[in-house]
Amino acid sequence: MNQPQHRVAVITGAASGIGRGLAERAAAEGLQLVLADRDGEALERLAAQLREQGAQVLAQVTDVADAAQVERLRDAAVQRFGAVDLLFNNAGVMQTGSCWELSDAQWQRALAVNLGGVINGVRAFLPLLLAQGRPAHVVNTASLAGLLNSPFMAAYNVTKQAVVSLSESLHYEMAALQTQVGVSVLCPGPVISEIMTSDQGRGAGDELNRLLDGQIRQGMSAAELAERVFAAIAEKRFWILPHKGFKPALRARLQSVLEERNPQFAPFDPQGDAHVA
Ligand SMILES: NC(=O)c1ccc[n+]([C@@H]2O[C@H](COP(=O)([O-])OP(=O)(O)OC[C@H]3O[C@@H](n4cnc5c(N)ncnc54)[C@H](O)[C@@H]3O)[C@@H](O)[C@H]2O)c1
């Protein structure tokens, strides 16, 4: 195995799906792990599995929507391992439904976790990463929904587009300040996970939820995704777009903006050439 490029990785939403894949990959790379999730039992199960494989793991139950809990996560990471080299702001939830029928609670939850969680991660950890004076990298998990809008997913789209925006701003800021902190935004299509079956993934009615769950169940494995993410970090690449099938739709959308034509939603096959690197 190559010498690990980074020493300590913090991963939110680590107990399932994409976060779990990142944690397993980071452990395989020899990183020390700080794993955070709202689901304490699943988190402890993963931590025990990785410790058995020889990894050093700090598992801390954390709700990323709560800034104070994310600050405590940072402090615990520093206390245990002395530094943070990789930060994955990954925790997220799905909410489906038409713009006006999504409940106030659904809107607030999507905003608090998907966007608030990333803001809290950036606010808590960036001062530390900058003060360390050594290379570090932040990966924010957005989605293809951060680049393309679709009906009945407004709450999710809004938060993911905001995560892309925040990440791009942070990337420019790191460059302007000539720091050693790199930034990536992860915009995957379907990846096998529990996002549609967790208790948060409810809303638009069974049909859309079933369709999305079906796409996700046939999606890329979290292990394959993690491999691509670590390759992008090594390349210091901002855009991490593991699925390629969305590109014609993005092109059409950008064209409609440039030509000031009304956008038209056309379903696309996000899997497309998913396995083309
Ligand atoms: N699976 C996909 O197809 C897909 C595609 C694009 C983007 N994403 C994004 O990937 C990220 C991970 O989702 P996933 O698909 O692996 O789903 P998942 O439900 O399998 O895993 C998400 C994890 O985050 C945790 N979590 C939820 N709310 C939290 C909170 N407030 N604080 C801390 N932890 C919390 C959950 O307990 C769970 O363990 C999300 O941001 C999601 O929007 C997923």
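Remember, predicted model here, so these are calculated numbers, not experimental data.

Draft legend 1. Spotlight on the sheet that holds strand E6 (residues 181–186). With parallel pairing, 7 strands are arranged side by side in an open sheet as E3-E2-E1-E4-E5-E6-E7. Every interior strand has two partners, whereas the edge strands, strand E3 (57–61) and strand E7 (239–240), have only one. By the bridge criterion, 4 bridges tie strand E4 (residues 86–89) to strand E5 (residues 136–141) in an arrangement that is parallel. Along E5, the bridge assignment pairs Asn89 with Asn140.

Draft legend 2. Examining the pattern of salt bridges more closely. Inspection of every chain in the model, using the stated rule, returns 10 salt bridges. Note that Arg228 is salt-bridged to Glu224, the shortest N-O span being 2.9 Å. In this pair, Arg228 and Glu224 are both assigned in helix H7 (residues 222–234), 4 residues apart and thus about one turn of the helix distant. You can call Glu224 partly exposed: its relative accessible area is 21%. Between Glu259 and Arg261 there is a salt bridge, and its shortest N-O distance comes to 2.8 Å. Ionic contacts of the salt-bridge type, sharing partners, join the residues Glu194, Asp213 and Arg217 into one network.

Draft legend 3. Looking closely at the confidence of the model for the protein. Here the protein averages 93 in pLDDT, and 93% of its residues register 70 or above. Confidence scores differ between elements of the protein, with helix H6 (residues 206–217) showing the lowest mean pLDDT of 87 and strand E1 (residues 8–12) the highest of 99.

Draft legend 4. View of the packing of aromatic side chains. This model, assessed by the stated rule, comprises 2 aromatic pairs. On the numbers, 5.8 Å between centres and 40° between planes, the contact of Phe88 with Phe230 is tilted. Of this pair, Phe88 sits in strand E4 while Phe230 sits in helix H7; the two residues are 142 residues apart in sequence, bridging distant segments of the chain. There is no split in this pair, since Phe88 and Phe230 are both buried. Both rings, one in Phe238 and one in Trp239, keep their centres 4.8 Å apart while their planes meet at 80°; by these two values the pair is edge-to-face.

Cut-offs and rules
- Residues numbered from 1 in each chain as written.
- Predicted model: local features only at pLDDT ≥ 70, side-chain atom pairs only at ≥ 80, totals over all residues.
- Heavy atoms only, no water.
- Pairing = 2+ DSSP bridges.
- Helix = DSSP H or I, 4+ residues; strand = E, 2+ residues; numbered from the N terminus.
- Salt bridge = Lys/Arg side-chain N within 4 Å of Asp/Glu carboxyl O.
- Buried < 20%, exposed > 50% of the residue type's maximum accessible area, 1.4 Å probe, protein only.
- pLDDT = per-residue confidence, 0-100.
- Phe/Tyr/Trp six-rings, centres within 6.5 Å; stacked < 30°, edge-to-face > 60°.

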